[in-house]
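Summary of the model geometry
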Amino acid sequence: MTVASDDLTDSQLVAAWRGGDEAAAAALVRRHAKVLGRYLLSRGATSSDLDDLLQETFFRAFRGLDGWREDAPFRGWLFRIAANLVRDRFRRGGGRVFLEIADGDQVDEADPAAELEADEVAERLREGMVTLSPMQREVFLLRVEQGLDYQEIAAALETTAGAARVHYHHAVKRLKERLP
Amino acid sequence: MTDQHLSERMPGVAAGESAWSELEAAHLEACRECATEWRVVRRFAPVAEPAIDTERLAAQVVSRLRQGGEVVSLESRRPWRRVIWGLAAAASVALAVAVWRPWIGGTEVAVAPTREPTMLPELDALFEAELEVVLATLEPKPVEPIGSVPRIGDLTDDELELLLQDVEG
């Protein structure tokens, strides 16, 4: 059987892979590789590590499907495995998170005062991120930086969607308090 | 239109997956709480996806799955691990040669378990912690007293031949 259609859902593709369809596995890799790559880079992977980490993440995900709850999003499962891989990788360094805080206020570069204020906002947010609990920080970044929904975050962090939502709103509240 | 609704929509809009409707934009302009949240969220908006050859990656993953290989630690796939094993093998040979050396000068000099000068520039690339791992693998075995080491004159022709092969490569 060969089903490799990109129109199928993740669950359908996983079922096809379990039925022996290699093209279904390939379709899942193609579908999720880039977003997973972006996540790995944000967690400290270097460009030279990326291929290895991605390959290992997908390999472990397919080989360990018995550990995946079928009612949970497959992308959350991938993120959980990727997170464990980078955690193991950087265990000696205590883990690394690279924050890219964008220049979201459309600063006029000709206006030094506005530029200064934008820098100050970025610094305040960086400081705010440090004050969040690890769970709040991880949920916030998965939601905003990686674009995961609460179900996917729950699968990635082994929690519930409701708890993820609460962590997210606590994180946002604390970061908002940092802004002038 | 509620703050909660807007809050839920923010990550998607920040990522460029959708845009504010007129109603939402009006709310955003009027509501200070939502405007502040939007300032936070859009600063963490996703960066561009990395350039990844997904076709090649998919082929590699499928190939590994087909081979049915075991899950391996990424660390064990690091090149310096091979250096460690190579070094350990080289050290074993060096130690063996060191133990066989007492005939030189014929004096009762203790055989120091020193490492032969290595020609492994890969070591230069290792971090301190990794070098410590290498050193741990080179922990020398206790050296027997010099008297128990056979003298060259005690060796048979075959043993001499083996020794020469070791020394001369």
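A brief structural summary. As the structure is a computational prediction, the values presented were derived from the model and not from experiment.

Here is what the cut-offs are and how they apply
- Residues numbered from 1 in each chain as written.
- Chains lettered and ligands numbered in written order.
- Predicted model: local features only at pLDDT ≥ 70, side-chain atom pairs only at ≥ 80, totals over all residues.
- Heavy atoms only, no water.
- Contact = heavy atoms within 4.5 Å.
- Buried area = accessible area lost by both parts, 1.4 Å probe.
- Salt bridge = Lys/Arg side-chain N within 4 Å of Asp/Glu carboxyl O.
- Polar contact = N/O pair within 3.5 Å; in protein donor to acceptor, adjacent residues only side chain to side chain.
- Helix = DSSP H or I, 4+ residues; strand = E, 2+ residues; numbered from the N terminus.
- Nonpolar A, V, L, I, M, F, W, Y, C, P; charged D, E, K, R; others polar.
- Buried < 20%, exposed > 50% of the residue type's maximum accessible area, 1.4 Å probe, protein only.
- Phe/Tyr/Trp six-rings, centres within 6.5 Å; stacked < 30°, edge-to-face > 60°.
- Lys NZ or Arg CZ within 6 Å of the ring centre and 35° of its normal.
- Expected span 1.5 Å × (residues − 1).
- Axes fitted to C-alpha atoms, helices over the stretch in contact; angles between N-to-C directions.
- Parallel < 35°, antiparallel > 145°, perpendicular 65-115°, else oblique.

Focus on the interface of chain B and chain A
- Listed as interface residues are 42 residues of chain B and, on the opposing side, 55 residues of chain A.
- Summing the contributions of chain B and of chain A, the shared interface buries around 4700 Å²; its carbon and sulfur component is 58%.
- Considering only the surface of chain B that becomes buried against chain A, R43, F44 and L65 of chain B emerge as the three largest contributors, covering 19% of it.
- If you look at where chain B meets chain A, you find eight salt bridges.
- Residue R143 of chain A pairs with E8 of chain B through a salt bridge whose shortest N-O separation is 3.6 Å.
- Where chain B meets chain A, there are eight residue pairs in polar contact (both at pLDDT 80 or more).
- For the side of chain B that touches chain A, the leading source of residues is helix α4 (residues 54-67) of chain B, giving eleven residues.
- For the side of chain B that touches chain A, a count of residues per class yields 19 nonpolar, eight polar and 15 charged.

Regarding unusual backbone geometry
Residues and elements named next belong to chain A.
- Positive phi, normally seen in glycine, also occurs at E158, with a value near 55°.
- Within the secondary structure, E158 sits in the loop between α7 (150-157) and α8 (161-178).
- Looking at E158, the relative accessible area reads 58%, which means it is exposed.

A few points about the packing of aromatic side chains
- One pass over the full model with this rule turns up eight aromatic pairs over all chains.
- Ring centres 6.1 Å apart and planes at 35° place the aromatic pair F62 of chain A and F74 of chain A in the tilted group. Of this pair, F62 of chain A sits in helix α3 (residues 47-63) while F74 of chain A sits in helix α4 (residues 74-89), placing them twelve residues apart in sequence. For the pair formed by F62 of chain A and F74 of chain A, the shared burial category is buried.
- Judged by centre distance (5.1 Å) and plane angle (85°), the ring pair of F140 of chain A and F44 of chain B falls under edge-to-face. Remark: F44 of chain B occurs in the loop between α3 (32-43) and α4 and F140 of chain A occurs in helix α6 (residues 134-145); the pair is interchain, linking two chains. The pair F140 of chain A / F44 of chain B is uniform in exposure class, with both members buried.
- The lysine or arginine in question, R143 of chain A, covers the ring of Y150 of chain A, its NZ or CZ lying 4.8 Å from the ring centre.

A look at α6 of chain A
All names here are of chain A.
- Between the first and last C-alpha of α6 there are 15 Å, a value that for twelve residues agrees with the 16 Å anticipated at 1.5 Å per step.
- Of all the twelve residues making up α6, nine are buried; the element is thus mostly covered by neighbouring parts of the structure.
- Of the residues making up α6, those classed as buried are Q136, E138, V139, F140, L141, L142, R143, V144 and E145.
- Of the residues one or two after α6, G147 is the one with positive phi, at around 75°.

Section: the pattern of salt bridges
- Counting across every chain of the model gives 22 salt bridges over all chains.
- One salt bridge connects E22 of chain A with R66 of chain B, and the closest N-O pair in it is separated by 2.7 Å. Here E22 of chain A, found in helix α2 (residues 22-42), pairs with R66 of chain B, found in helix α4, and the two come from separate chains.
- With relative accessibility at 29%, the residue E22 of chain A sits in the partly exposed group.
- For R66 of chain B, a relative accessible area of 56% corresponds to the exposed category.
- Where E24 of chain B meets R9 of chain B, a salt bridge forms, and the shortest distance between an N and an O atom there is 2.8 Å. Placement of the pair is E24 of chain B in helix α2 (residues 22-30) and R9 of chain B in helix α1 (residues 3-14), with a sequence separation of 15 residues.
- Relative accessible area serves as the criterion here: at 4%, E24 of chain B is assigned to the buried category.
- Judged by its relative accessible area of 22%, R9 of chain B is partly exposed.
- Several salt bridges share partner residues, and in doing so they unite R43, E138 and E145 of chain A into one network.

Comments concerning the packing of α6 of chain A against α8 of chain A
Residues and elements named next belong to chain A.
- The contact between α6 and α8 brings their axes to 8 Å, and the two run at 95°. When the interaxial angle is binned, α6 and α8 end up roughly perpendicular. Every residue of α8 that contacts α6 at M135, Q136, V139, F140, R143 and V144 is listed here: A164, H167, Y168, H170, A171, V172, R174 and L175.

Notes on the environment of H5 of chain B
All names here are of chain B.
- Residue placement: H5 occurs in helix α1.
- In this structure H5 comes out as partly exposed when scored by relative accessible area, which is 35%.
- Taking the C-alpha atoms as reference points, H5 and E24, 19 residues apart in sequence, are found 9.2 Å from one another.

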